[in-house]
Structure formats: C-alpha cells, structure tokens
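Listed here are the chains, written in short residue letters.
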Amino acid sequence: MNHPPYLLYSDGEGNIFEDVSLYACGRSGWDAIPVENDEWIELPEGGQLYELPQRRGIGIDVKTGEMRLCEKGWAVAAFIPPAFTGTYLAAYETLPGAETLPLFCYTAAGWHNEKFYVTAVRIEKDIRQESAGFDEEKIEAGVKDLLSAYKHNRLVQHLANNCCLTYHCPAARNFFMGRWECPVPSSPACNANCIGCISFQPQEESIFSTQDRLMFKPTAEEIVEYTVPHLESAPYPIVSFGQGCEGEPLLMWKTIEESIKEIRKHTQKGSININTNGSDPEAVKVLCEAGLNSIRVSTNSAREKIYTPYYRPNNYQFEDILESLKVVNSFGGWTSINYFVFPGMTDSVEEYEALRELIKSTGLKMIQWRNFNIDPDWYLGKIGVTETGECIGIRQMMDLLREEFPDLKFGYFNPSIERINGNFEMDYAHS
Ligand code: SF4
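Calculation rules
Residues numbered from 1 in each chain as written. Predicted model: local features only at pLDDT ≥ 70, side-chain atom pairs only at ≥ 80, totals over all residues. Heavy atoms only, no water. Phe/Tyr/Trp six-rings, centres within 6.5 Å; stacked < 30°, edge-to-face > 60°. Helix = DSSP H or I, 4+ residues; strand = E, 2+ residues; numbered from the N terminus. Buried < 20%, exposed > 50% of the residue type's maximum accessible area, 1.4 Å probe, protein only. Lys NZ or Arg CZ within 6 Å of the ring centre and 35° of its normal. Pairing = 2+ DSSP bridges. Core = buried A, V, L, I, M, F, W, Y, C linked by side-chain atoms within 4.5 Å. Domains from an automatic or database assignment. Contact = heavy atoms within 4.5 Å. Buried area = accessible area lost by both parts, 1.4 Å probe. Salt bridge = Lys/Arg side-chain N within 4 Å of Asp/Glu carboxyl O. Polar contact = N/O pair within 3.5 Å; in protein donor to acceptor, adjacent residues only side chain to side chain. Nonpolar A, V, L, I, M, F, W, Y, C, P; charged D, E, K, R; others polar. 1 Å grid on protein atoms, 1.4 Å probe; cavity = no way out; pocket = protein on both sides within 12 Å on 5 of 7 lines; lining within 4 Å. Points joined across faces, edges and corners; volume = space filled by probe spheres on them. Near = heavy atom within 4 Å. Expected span 1.5 Å × (residues − 1).

Our focus in this paragraph is the packing of aromatic side chains. According to the stated counting rule, one finds 22 aromatic pairs in the structure shown. Ring centres of F342 and F372 lie 6.4 Å apart, and the angle between their planes is 85°; on these two criteria the pair is classed as edge-to-face. With a gap of 30 residues between them, F342 in the loop between β19 (334-341) and α9 (349-362) and F372 in the loop between β20 (366-371) and α10 (376-382) connect regions that are remote in the sequence. The burial state of F342 is the same as that of F372; both residues are buried. Put simply, the rings of Y307, Y310, Y311, F318, F340, F342, F372 and Y379 pair up and form one aromatic cluster. Positioned above the aromatic ring of Y92 is the side chain of R27, whose terminal nitrogen or guanidinium carbon lies 5.5 Å from the ring centre. For R419, the ring lying beneath its charged end belongs to F424, and the centroid distance is 4.4 Å.

Structure below.
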C-alpha cells in the first residue's frame, strides 16, 4: 500500500462510502494521528463496520496533508473479530448531544483497492471463534441432544436457550458442537462495578449490557453433570468458569471447589480454567488445591490508578488481583491476563512500565490482548483521563515485550492443556 486507505463515511442509513479527498487516520487516547501504511490489514472475515451517529470522521487531506473533518456523513469504525487486536481507534469528532455508543470496539477502518482495511494484528492462531467454523446444523442438533440428555439441568438450559440460541455466544456454540472450550457460568452477583460491564448496566446509563446476568446459583451436581462428558469427549477440552453472562465466579468459590474435586474424581483430561476479576486470592488458593489448572484475570490496566476508577471494586484492592496471579503461579498453574487494549492508554510509556513490573512480579505466562468493547469518549471521561501521555504504539509495545520476555505468550483465548504442557504454537486447524 503506497498511501493510507481512504476515509469511510455513512449516509446515516447504513450505507457506507469512501471519501477520496481524505486518507483515513487513527486515534490514540484523545488524539487523531496518522498511521503507517503497514499497520493496515484487510478487514478479517467476521469483522463488521459500524456507522457512528452524531460523529464526524477525521482524515488527512490527500492534497494538503492537513487533518480535517469529513462533513459528508457520519464516521465509520470497525468491529474486528476475536483473535485480532486493534492497534488504533477510529478517529472522529463527537457532536454535542451524541448518544453513548454501545459496548463494542471501534477500530480505525478505511477503503483501498476495492477492499475494507483496519488497523489490527492477528494475535492468536487458534480458530475457535472463527465465524466460518460454526456449523448451524451441528449446533441445532447438539442443542436438541443435550437438552434432552440433561432435562433437569438449569445450566444446560441456560447455555442452550440464552447463551447459544439468543446471545450466539461462541463458547456456548462450541460446547453444543462438542469441541474445545465449554462455558460454566455460576455467579448471579459481582463484587465489582465495571463501567463497561457486559452483563449489568445500571438504569441511569443509556447503554445496555450485551447479555443478561445469570439469575440462579447452579449446584456442583449441575456443573459436573455436563462438564465431565465434555472433558472426556471433546478435542482440546477446556471447561471455563467465569463467563460474560454472569457476575464474579469467585463469589461462588465453594461450589466451584466442590465441582473441581468431583470432576477430577471422574477425569484427568483437559484444563479447568477460571476467568475472573481476581478479587479473592484466598479463594483462588482453595481452587488451586482442588485442581484448578489455569486462571485468566481481567484488567483494563497494570496501574492501580487506572484500574480502580474503572472496576470500582467492593471490598477488594488492585493488589488482590496481582496476588491471585502469584497464587496460581506458586501452584505451577497457567496465568493469563485478559488485557483490555485501548490505544493511547495501553501503549502509554507509563502503562508499558507498569506492565513490565506486573509480568516480573507475578510470573505471568500469557497476555490475551483483547479489544476493549467500550465507547472511547465515554470510557476516558468516566475514568477522568484528559491526557494519556507519551505513547509507543501497540505493535511496538508487543515487540518490546516479546524481546524482554521471550517465554511470555501472546494470544486471545485460554490455551488447552495440550498447548500449556506441550507445543504452545500448535495449530488446531491442522492437528
Ligand atoms: S467483574 Fe465482570 S461481571 Fe463484574 S462488574 Fe466487571 S465486567 Fe461485570
């Protein structure tokens, strides 16, 4: 590509056009900035384009090189599929009175040679959430079979009717296809109040959570009943506590402890993982003693001052989440962070330094570079960030960390026990 792609705009009726008088650029923190040509990749399959109402795109005039607004229509951004990490946000100016954008990611997008382009990198080889891999017939058959096999299991009913058939959750769809990672939601409550919570949004907010929170507390029997057969029969099996349709699983640590012990009485196969806010290291210790294999702790930052105004924790501190990682590491378990990537915040020099410290102090094994599904202006406004400081670029940051921590793994999904104990770079598609 010998020049950046052209800026995209929409006519407000869902039709998208390129503006050949403007090159597309990116956003980092609060700033619109030019993006190197080699940072753009074709929009991956499964990606989508969004028009951003009441927002004007910012581009670079192809003649003058000046930055200016596109007055032809609304700004456009891309929602990039899992396994890809966005390196720049869409650049736009928000007009007064604009509604808060829903909980999706808004990556920079453009048009070049009859194709859509985005600023992103493929960070994960694993194909478990590739849209082309989901077979609707197999999913429907799986839902039918498992609903009749587990007539009285409320959790299987929830996974079928809500997660799979309503929210189209990729983890639930994989479960009903009998493969890979199987979800185990367990907690109706949470001890954090994340601004961008995807399972609960307070009445006073104008946006909605993308799924409703679980309304019941499953029993260990309900959990064990469907997870043991999955671990026994699925390829590269993982059962994962802590899903988008619940609160915080550690609040259910007693039931999870009982479940893990019972599961391991029946099978040694696969990995038992927990996706968590990491708020209770004591509970994590109990789960490790029961047989937990891996933990993924979610965070928007390696800095307490950025973490706390976002998570708004009840009765726990940022230090507790670091302690939870250290506990699992001390048991020889796999430790990941579910790292919400926000260009301009994640790649600030201050964040980079803090992340280096976190990796060293916790013995972290893996960073899952996840796109932050949140309205950028709303997020920065809510956590009170007016200035993000000097930035090094997301790709540059990844390269520096790879160099300094050669054993540290990058990805997007929880690895199977085969990857944890064996060839981490294995390719699911061809093995
Ligand atoms: S920790 Fe999870 S469930 Fe709890 S508020 Fe945050 S996003 Fe929501």
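After that view of the structure, there is still more to cover.
Turning our attention to the sheet that holds strand β4 (residues 31-33). Across a sheet, paired strands are connected by hydrogen bonds in the backbone, their directions being either parallel or antiparallel. Pairing in this open sheet of 3 strands is antiparallel, and the strands run β4-β3-β11 from one edge to the other. Both outer strands of the open sheet, β4 and β11 (89-90), are each paired with one neighbouring strand and no more. Relative to β11, strand β3 (residues 26-28) runs antiparallel, the two being bridged by 2 bridges. In the sheet register, R27 faces β11, and the bridge partner there is L89.

A few words on the nonpolar core. Ranked by internal contacts, the top residues of the largest apolar core, which has 113 residues, are Y226, Y310, L355, I367, W369, Y379 and L401. Two domains each put at least three residues into this core: domain 1 (6-122) and domain 2 (131-421). Leaving out residues up to four positions away in the same chain, I367 has contacts with I337, Y339, L355, I359, L401, L408, K409, F410 and G411. Counting 6 residues, the second largest nonpolar core, distinct from the first, contains V35, W40, Y88 and A108.

So, on to the domain arrangement of the protein chain. When cut into domains, the protein chain gives domain 1 (6-122) and domain 2 (131-421). Each of domain 1 and domain 2 has a C-alpha centre, and the two are 29 Å apart. Of the roughly 2,500 Å² buried at the junction of domain 1 and domain 2 (both faces included), carbon and sulfur atoms supply 59%. Contact with domain 2 buries area across many residues of domain 1, yet W30, T100 and L103 alone supply 29% of it, more than any other trio. Between domain 1 and domain 2 we count 4 salt bridges in total. The shortest N-O distance in the salt bridge between R395 and E39 comes to 3.4 Å. Linking domain 1 to domain 2 there are 14 residue pairs in polar contact (both at pLDDT 80 or more). Secondary structure elements with two or more residues in the side of domain 1 that touches domain 2: β3, β10 (84-86) and β12 (92-94). In terms of residue count, β10 provides more of the side of domain 1 that touches domain 2 than any other element does, 3 residues in total. Here the side of domain 1 that touches domain 2 is built from residues that sort into 16 nonpolar, 8 polar and 6 charged.

Tallied over the full model, the rule gives 3 cavities of 30 Å³ or more. By volume, the largest cavity is sized at about 90 Å³. If you trace the largest cavity, you find it lined by L7, L8, A24, C25, G57, I58, A75, V76, A90, A91, A108 and A109. Looking at the lining of the largest cavity, the elements that each hand over two or more residues are β1 (6-10), β7 (55-61) and β9 (74-79). Of the volumes computed, that of the second largest cavity is approximately 70 Å³. Around the second largest cavity sit G86, L89, C105, Y106, T107, V341, F342, P343, N371, F372 and I374, which together line it. Grouping the amino acids of the lining of the second largest cavity by side-chain chemistry returns 8 nonpolar, 3 polar and no charged. Two domains share the lining of the second largest cavity, each providing at least three of its residues, namely domain 1 (6-122) and domain 2 (131-421).

Attention shifts here to the environment of V121. With respect to the helices and strands, the residue V121 is situated in strand β14 (residues 115-122). Distance in space between the C-alpha atoms of V121 and A91 is 18 Å, their sequence separation being 30 residues. Setting aside residues no more than four positions away along its own chain, V121 makes contact with A83, F84, T85, T87, R395 and M398.

Moving on, we come to the site of the ligand. As a structural note, the neighbourhood of the ligand is formed by C190, A192, C194, C197, S199, R213, E246, G247 and N277. Classifying every residue of the shell around the ligand gives 4 nonpolar, 3 polar and 2 charged.

The subject of this paragraph is unusual backbone geometry. Despite not being glycine, Q54 shows a phi value in the positive range, around 60°. Here Q54 is to be found in the loop between β6 (48-52) and β7. One non-glycine residue, E114, lies in positive phi territory at about 65°. Among the structural elements, E114 can be located in the loop between β13 (109-112) and β14. Judged by its relative accessible area of 64%, E114 is exposed.

Below, the discussion takes up helix α5 (residues 253-266). With 14 residues, α5 ought to run about 20 Å at 1.5 Å a step, and its terminal C-alpha atoms sit 20 Å apart, in line with that. Three or more residues of α5 are buried, namely T255, I256, E257, S259, I260, I263 and R264. Those residues of α5 that are buried lie in contact with α4 (220-233), β16 (238-241), β17 (271-276) and α6 (281-290).

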